[in-house]
Amino acid sequence: MRISPKLTQLGSYPFVQLDQAKDRMRARGVPLIDFGVGDPREETPAFIRRALAGAITPRSSYPRAIGLPELREAIAAWVAGRFGVPLDPATEIIPTLGSKEVIFSLAQVVIDPGGGKDLVLTTTPAYDVPRRGALMAGAEVAELPLQERNGFLPDLDAVTDATWQRAALVWVNYPNNPTAAVAPLGFYQRLAELARRHDYLLASDEAYSELWYDQPPASALQVADRSNVVAVNTLSKRSCMTGYRSGFVAGDPRLVRALATYRPSTGVTPQEFVQRASIAAWGDEAHVETLRHRYAAKRRVLLDVLDAQGLRTVGSAATFYLWVAAPDGETSLGFAQRLLEDGGIIVTPGSFLGAAGEGYVRVALVPTLEECERAATLLAKLL
């Protein structure tokens with residue numbers, strides 16, 4: 001039996017290495033504080049769980065690939081309230097199974113090698129799924145580095161017209177994983193104008209849009225002309241619903257129609273009882289505000305000790321991540337290994353997230369506040 005060479009080309013998912021390191025330390029009996037993977041550990045709010053349980057019916061049917069009309073309407077209402085953008089629930093929104101599946105599969109819908117559209121642009125360091133999805137779709141991938149000197153925004157002026165012209169899909173992600181930087185609306189406006197001029201799809205991964213501390217971030221949906229533009233969002237981070245797998249893609253009706261054609265073949269829409277719970281989640285902001293306060297408290301604990309020990313925290317304006325520069329003379333992997341070996345503190349080396357991540361580590365604020373306080377005590381001794 002032959003395995004697709006595209007699958008082999010992807011290599012192992014980098015967080016497998018973190019899991020292996022954790023297993024080794026646990027085998028030695030070392031207590032761990034895990035800031036490595038961005039998997040929220042806060043409880044899913046009780047009202048969402050009740051909505052899920054109440055929606056389980058004696059008979060089960062296949063969910064429609066375009067989702068429940070009531071869910072699309074709830075998403076449209078949330079987008080209107082949050083971003084001031086009116087969307088047509090019937091033509092501009094489609095529910096998704098979280099965000100990962102649509103981020104991975106979107107290249108399948110827009111790549112056109114015969115038409116000269118065989119390139120996907122992604123950023124680095126980054127969540128790796130856009131790159132992996134592009135490679136599995138047979139596209140070529142070009143990476144745009146996110147550098148501190150540019151505020152962790154890609155240098156759009158460094159991209160040639162020939163590259164823009166080959167692009168079928170351009171991925172951006174703000175608030176950003178891993179740098180936790182945010183993007184101004186003008187950045188989206190310029191990318192959207194380039195998308196119309198060169199006829200590529202601008203896809204904005206906005207999974208962390210609701211985890212902010214000072215000002216709510218902008219959305220790509222707020223551009224003046226949403227032609228060639230879609231945004232992806234999810235309840236995973238906003239409502240601590242990672243296991244529920246519920247999100248949406250919204251924007252250009254042409255892309256939404258294409259997804260409605262593509263998705264029945266893949267069967268990736270949340271179960272209807274999850275969709276009913278999602279309606280409840282999108283309709284409530286109080287639990288999101290409470291969550292932001294929790295992350296802000298944990299963030300303050302870590303920022304205080306990092307600042308006191310002279311480490312630079314850069315980016316880090318939103319999300320539940322801190323992007324921390326490694327001490328002078330240490331690589332990102334070496335610094336992460338030292339924290340693990342000497343203190344049982346797990347962080348992600350920036351190099352795991354792309355070459356441009358070298359020199360930084362990512363700290364995911366998912367442990368409890370008590371664990372963050374214990375980590376701060378350890379860090380004060382280790383740094």
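Residues numbered from 1 in each chain as written. Predicted model: local features only at pLDDT ≥ 70, side-chain atom pairs only at ≥ 80, totals over all residues. Heavy atoms only, no water.

*Asks:* Could you give an account of the overall build of the protein, naming the residues involved and the relevant values?
*Replies:* The number of helices and strands found in the protein is 14 helices and 13 strands. For 383 residues, the compact-globule estimate of 2.2 N^0.38 gives 21 Å, and the protein sits close to it at 21 Å. C-alpha atoms of the protein, sized along the principal axes, occupy 55 × 55 × 50 Å. Counting every position in the protein, which comprises 383 residues, the buried fraction comes to 54%. Sequence separation of 24 or more characterises 76% of the internal contacts of the protein that already satisfy a separation of 6 or more. Entry remark: accessible area of the protein is about 16,300 Å², with carbon and sulfur atoms responsible for 52%. (Helix = DSSP H or I, 4+ residues; strand = E, 2+ residues; numbered from the N terminus. Rg over C-alpha atoms; globule rule 2.2 N^0.38 Å. Buried < 20%, exposed > 50% of the residue type's maximum accessible area, 1.4 Å probe, protein only. Contact = heavy atoms within 4.5 Å. Areas by Shrake-Rupley, 256 points an atom, 1.4 Å probe, with all protein chains shown as cover.)

*Asks:* An account of the sheet that holds strand E12 (residues 348-349) is requested, with residue identities and associated values reported.
*Replies:* In spatial order, the strands read E9-E10-E13-E12; together these 4 strands make up an open sheet with antiparallel pairing. Whereas interior strands pair on both sides, the edge strands pair on one side only; in this sheet they are strand E9 (313-314) and E12. Alignment of E12 against strand E13 (residues 360-364), held across 2 bridges, turns out to be antiparallel. Within E13, the position partnered with Pro349 by the bridge is Val361. Docked against the sheet, helix H12 (residues 286-308) engages E9 and strand E10 (321-325), running at close to 10° with respect to E10. (Pairing = 2+ DSSP bridges. Axes fitted to C-alpha atoms, helices over the stretch in contact; angles between N-to-C directions.)

*Asks:* Would you mind going over the environment of Gln147 in detail, with residue names and values included?
*Replies:* Position of Gln147 relative to the elements: it lies in the loop between strand E4 (140-145) and helix H7 (161-166). Once the C-alpha coordinates of Gln147 and Gly315 are considered, the two residues, 168 residues apart in sequence, prove to be 10.0 Å apart. Among the polar contacts listed, one links the side chain of Gln147 to the side chain of Arg149, at a separation of 2.8 Å. (Polar contact = N/O pair within 3.5 Å; in protein donor to acceptor, adjacent residues only side chain to side chain.)

*Asks:* Run through the pattern of salt bridges, naming residues and quoting values.
*Replies:* The full count for this structure, using the stated rule, is 21 salt bridges. The partner of Glu341 in a salt bridge is Arg28, with the nearest N and O atoms 3.1 Å apart. Highlighted residues: Glu341 in helix H13 (residues 332-343) and Arg28 in the loop between helix H2 (15-27) and strand E1 (33-34), separated in sequence by 313 residues. The partner of Arg82 in a salt bridge is Glu210, and the shortest N-O contact between them spans 2.9 Å. Of this pair, Arg82 sits in helix H4 (residues 69-83) while Glu210 sits in the loop between strand E6 (201-205) and strand E7 (229-234), and the two are 128 residues apart along the sequence. You'll find Arg82 and Glu210 in the same group, each marked buried. (Salt bridge = Lys/Arg side-chain N within 4 Å of Asp/Glu carboxyl O.)

*Asks:* Give a detailed account of the packing of aromatic side chains, specifying residues and quantitative values.
*Replies:* A complete count under the given rule lists 13 aromatic pairs for this structure. Centroid distance Phe187 to Tyr188: 5.8 Å. Interplanar angle 65°. Geometry classified as edge-to-face. Its relative accessible area of 7% is what places Phe187 among the buried residues. When its relative accessible area of 0% is taken as the criterion, Tyr188 is described as buried. (Phe/Tyr/Trp six-rings, centres within 6.5 Å; stacked < 30°, edge-to-face > 60°.)

*Asks:* Which residues make up helix H6 (residues 129-136), and what values do they have?
*Replies:* Of all the 8 residues making up H6, 7 are buried; the element is thus mostly covered by neighbouring parts of the structure. On its buried face, H6 is in contact with helix H1 (5-10), helix H5 (100-110), strand E3 (119-124), E4 and strand E5 (167-173). Where H6 ends, the next residue or the one after it, Gly138, has phi of about 85°, a positive value.

*Asks:* Describe the packing of H13 against helix H14 (residues 369-382), naming the residues involved and giving the relevant values.
*Replies:* For any two helices packed against each other, one specifies the crossing angle of their axes together with the interaxial distance. Interhelical geometry of H13 versus H14 gives an angle of 110° and a closest axis separation of 11 Å. It follows that H13 is roughly perpendicular to H14 by the angle criterion. Each of Arg338, Leu339, Asp342 and Gly343 in H13 lies in contact with H14, whose residues at this interface are Leu378, Leu379 and Leu382. Looking at side-chain class alone, the contact of H13 with H14 contains 4 nonpolar, 1 polar and 2 charged residues. (Parallel < 35°, antiparallel > 145°, perpendicular 65-115°, else oblique. Nonpolar A, V, L, I, M, F, W, Y, C, P; charged D, E, K, R; others polar.)

*Asks:* Hey, could you go over the sheet that holds E4 for me, with residue numbers and the actual values?
*Replies:* Ordered by their spatial adjacency, 7 strands build an open sheet running E2-E8-E7-E6-E5-E3-E4, and the pairing between neighbours is mixed. The sheet is open, and its two borders are formed by strand E2 (93-96) and E4, each paired with just one other strand. Averaged over all neighbouring strand pairs, the angle between strand axes comes to 20°, with direction disregarded. Bridging between E3 and E4 involves 6 bridges; their strand directions are parallel. Bridged to Thr124 within E4 is Pro145.

*Asks:* Which residues make up the side chain of Arg131, and what values go with them?
*Replies:* In this structure, Arg131 sits in helix H6. With a relative accessible area of 19%, Arg131 lands in the buried category. What Arg131 contacts, discounting residues up to four positions off in sequence, is Leu10, Thr122, Val141 and Glu143.

Everything listed here is a matter of coordinates, which is why it stays silent on function.
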